[in-house]
Amino acid sequence: MRTRAHPPGCEPRRGAVPRPLRAHSFRGGPLAAVLLALAPAACTPSASAPEPVYEEKDRAAEAARLLSGPDWFRHAVFYEVYVRSLQDSNGDGIGDLPGLTSRLDALKALGVDALWLMPIMPSPFADSGYDVSDYRAISPEYGTMADFEALRDAAHARGMRLFLDLVLNHTSVEHPWFQESRLDRTNPRADWYLWSDTPGRPDLPCGPVPTFGTSAWTWDPVRGQYYFHRFYPSQPDLNHWNPDVADATLDVARFWLGRGVDGFRFDVIGLLYESAAGCSMIPETVAYIQRLRTLLDAYRDRAMVAEPTWFGSTAPFYGDGRDMFHMAFDFDYGLGWGLTFAESSAQPLADHFSAIAQDLPPGAQNAIYIGSHDVPRAFERANGIASRWRRAALVQMTMPGTPFVYYGEELALRSGTQVVVDARDRARAPVPWAPGVGWGFTTGQPWIAFGAEPERTNVEAEKADPSSNYAFYRSLLSLRRGREAFGTGSLRVLPTDDPSILLYVRESADETYVVAVGMDEGASHTGVASGANLPGDAQRLLGDARLVRDGTAARVTVPPAGMGVFRVR
Ligand code: NOJ
Ligand code: CA
């Protein structure tokens, strides 16, 4: 039901004027569909019952309970950090580990439980660190191993966990393994990479990842052969078919586990092995991931998240739910939400998250994001519409899974314009912490220019403004904190008679929440979920929507671009 406005105390009643919409299929390509919308027919007065106030648990104690033990990652809020852009400590304009350590309290106060650091190992930075030249050291621009240990200890002292980004599919051309391998065809590492006399091999029928070039083969004049790479030519693929290579990369994970990291984000892990049988997640890659999991399980409370190599179901990354990844990124939501919100229909999101709940094996935990280092800033993808960005974040925080927040997201950080490495740099600008030269990020010249509007988006300014995006984001994180239902509770989508309202229930053993998201940015809507069967009346915790229980039905009213989170038990 769609209304432009209605007088206070007078709510629209169901009518039945069908309105065709074009729906977008979230999980696959565009799909034409016709959905019916119900237009208002009349207006009836509504009795306003007093809102219940449910007894509140000690949320800090609940958070501490949920964030301990092997399931901690299901309740944590992760924060992806591009160390280069978070905080510079020595005036060289490059963010570094001591700088990050100095900002841990700020991140903790925001509600961050775990950090994922983009690659911090030595690298020529031809791909922002995803071209590693030494797996067992720290990039000198970022600091030393002692700085790393200080960061780890400071994080752990605050109850925060630390994930590293492991890039095992390829190295930098500057890695000593490659430097040795390229020397000739007989050296001890001659087949640690994939070589060929021609720019192609029948057992490697795979092209480069789109946007990284047109050929997966580059001529090396030193060895006089071509080498294989799925990414930039400066990132040769390791030959995991050689068991010594597989052992060596597993040993990299062992090295960092021994140094106390709590887990890893595995870069393009599905591409580890290729064969005539396929270019992603072939059985040998699955077997390797199982070895990784066995390795992690030998340590306490560790976890790992996969960067998948496709859109659609991530089920193959989870195995039986216990023998592969703990989490895998939800590319469909992460890359598709902008389009879906622009189209104003709730169905694609309802379908997407319901399908995940069905598809993934028991124990699998979806990893939900709205921004990352690889895509334009979320605020840009929301077309600069703050309410769209906010609702996308609400879905991220309240659908089943673990939220991964890209640094600066809490500020709705704007895109930059300067490019140092490649176009993705637009989403990698430094954090403006406070007004002043260098915006509190550096006392020197920043390695890359700040994004647009730092005077509006700096942390200090946003913190001082209770209506800021930062204030909203913080309230979202604190809403989720210590509430088991959002991390691991069940999901029940409540279909309503209004296709623009996304309504769903999250339920744990002793608490039930309802989330309402208005997909229409231009009009108010009221929808009725006839089979809602809510266990109690609604106490609104966040937002501007209204939810009224009416027997077994529930009636929800959402202002334009509105939202609501309610407790009903
Ligand atoms: C995926 C990473 O997210 C991306 O930034 C990088 O360029 C490629 N993998 C290659 O490592
Ligand atoms: Ca620095």
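Within each chain, residue numbers correspond to sequence positions counted from 1 in written order. Throughout, the order in which chains and ligands are written sets their labels, letters from A for the former and numbers from 1 for the latter. Reporting of local features is limited, given that this is a predicted model, to residues whose pLDDT is at least 70; pairs of side-chain atoms are given and counted only at 80 or more, and all residues count toward the totals for whole chains, interfaces and linings. The side-chain figures draw on all heavy atoms in the structure; neither hydrogens nor water molecules are used.

(A) Inspection of the packing of helix 9 (residues 331-343) against helix 12 (residues 386-398) at higher detail. Direction vectors running N to C along helix 9 and helix 12 enclose 135 degrees, while the axes themselves pass 11 Å from each other. Taken together, the axis directions place helix 9 and helix 12 in an arrangement best described as oblique. Considering only the axes of helix 9 and helix 12, their crossing is right-handed. Facing helix 9, whose interface residues are Tyr333, Trp337, Phe341 and Ala342, helix 12 presents Arg388, Arg391, Ala392, Val395 and Gln396. When residue character is reported, Ala, Val, Leu, Ile, Met, Phe, Trp, Tyr, Cys and Pro are called nonpolar, Asp, Glu, Lys and Arg charged, and the others, Gly included, polar. Across the contact of helix 9 with helix 12, the residue classes tally to six nonpolar, one polar and two charged. Only the stretch in contact is used when a helix axis is fitted, and all axes are lines through C-alpha atoms; the angle between N-to-C directions ranges over 0 to 180 degrees. In DSSP terms, a helix is any run of H or I states spanning at least four residues, a strand is any run of E spanning at least two, and both are numbered starting from the N terminus. Note that the term roughly parallel is reserved for angles under 35 degrees, roughly antiparallel for angles over 145, roughly perpendicular for angles of 65 to 115, and oblique for everything else. Each crossing gets its handedness from the near helix: less than a right angle anticlockwise from the far helix is left-handed, clockwise is right-handed. Any two residues whose heavy atoms approach within 4.5 Å at even a single point are treated as in contact.

(B) Up close: the sheet that holds strand 17 (residues 512-518). Spatial ordering of the open sheet is given by 15-16-17-22-19, a layout of five strands whose pairing is antiparallel. In this open sheet, the two edge strands, each paired with only one partner strand, are strand 15 (490-493) and strand 19 (539-543). Across the sheet, the mean angle from the axis of one strand to that of its neighbour is 20 degrees, orientation sign disregarded. As judged from the seven bridges shared by strand 16 (residues 501-507) and strand 17, these two strands associate in the antiparallel manner. Its bridge partner lying in strand 17, tyrosine 504 is registered against valine 515. In this analysis, strands are considered paired if DSSP registers two or more bridges between them.

(C) Here's a closer look at unusual backbone geometry. The backbone of alanine 412 shows a phi angle near 50 degrees, a positive value even though the residue is not glycine. By the element assignment, alanine 412 lies in the loop between strand 14 (402-406) and helix 13 (454-457).

(D) Structural context of the environment of isoleucine 356. For isoleucine 356, the location among the structural elements is in helix 10 (residues 347-359). Assessed through its relative accessible area of 13%, isoleucine 356 is described here as buried. C-alpha separation for the pair isoleucine 356 and proline 430, spaced 74 residues apart in sequence, amounts to 34 Å. Burial classes: relative accessible area under 20% of the type maximum marks a residue as buried, over 50% as exposed, and values in between as partly exposed (1.4 Å probe, protein chains only).

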